[in-house]
Amino acid sequence: MSKKNWMIPGLLVLAAVVLLLITYFGGITKAEEDMVIITVNGEEYARIPLSSPQTVTIDQGDGIVNVVEISDHGAVMLSSTCDNQQCVHMGEVTLDNWETRPNQAFIICLPHRVTVELAVKEE
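None of these values were measured; they are calculated from a predicted model. (Residues numbered from 1 in each chain as written. Predicted model: local features only at pLDDT ≥ 70, side-chain atom pairs only at ≥ 80, totals over all residues. Heavy atoms only, no water.)

Engineer: Break down the overall build of the protein for me, citing the residues and quoting the values.
Structural biologist: For the protein, the count of helices and strands is two helices and nine strands. Within the protein, buried positions represent 37% of all 123 residues. For the protein, the share of sequence-separated contacts (at least 6 apart) that also reach a separation of at least 24 residues comes to 40%. Summed over all atoms, the accessible surface of the protein reaches about 7500 Å², with 55% contributed by carbon and sulfur. (Helix = DSSP H or I, 4+ residues; strand = E, 2+ residues; numbered from the N terminus. Buried < 20%, exposed > 50% of the residue type's maximum accessible area, 1.4 Å probe, protein only. Contact = heavy atoms within 4.5 Å. Areas by Shrake-Rupley, 256 points an atom, 1.4 Å probe, with all protein chains shown as cover.)

Okay, here's the thing in structure tokens:
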């Protein structure tokens, strides 16, 4: 097998490990109100309450662009310039589905190092 044939399974395993580490060490963020937290390269990029729906374009330069749509009930990765499009295919994370999704409250674009987290308010 060539290097390219190992790249996709390797990225999937890496994504699974990252999700496990986030879940184990970080857990789900509790907030005073429901919000979406976007991180880029491990640093917080934006913290947006669901009460302020908007579209966020993350342009890291060199053609690296992710577009996140935030609604009053969740978030979705509308588009990305990454090759594999896994983040786009993860679908919407919402207040109704975040507990039953395989990756729970996260949408992750591993090639661009962008995470979108639904932080649910404390009850």
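Engineer: So what's going on with the nonpolar core? Which residues, and what values?
Structural biologist: Ranked by size, the top nonpolar core spans 23 residues in total, and within it Val36, Ile38, Val68, Ile70, Met77, Val116 and Leu118 carry the most contacts. Those elements giving two or more residues to this core turn out to be β2 (35–40), β3 (43–49), β4 (54–59), β5 (65–70), β6 (74–80), β8 (106–109) and β9 (114–121). Looking at which element gives the most residues to this core, the answer is β9, with four residues. Leave out the neighbours within four places in its chain, and Val36 touches Ala46, Arg47, Ile48, Leu50, Ile70, Ala75, Val116, Glu117 and Leu118. (Core = buried A, V, L, I, M, F, W, Y, C linked by side-chain atoms within 4.5 Å.)

Engineer: Tell me what's going on with the sheet that holds β5, and back it up with residues and numbers.
Structural biologist: Across a sheet, strands are paired by hydrogen bonds formed along the backbone, either parallel or antiparallel in direction. Taken together, four strands build an open sheet; the order of strands is β4-β5-β6-β7 and the sheet is antiparallel. Edge positions in the sheet fall to β4 and β7 (93–94), since each of these pairs with one other strand and no more. Across five bridges, the pairing between β5 and β6 is antiparallel. Residue pairing in the sheet places Val67 in a bridge with Ser79 of β6. (Pairing = 2+ DSSP bridges.)

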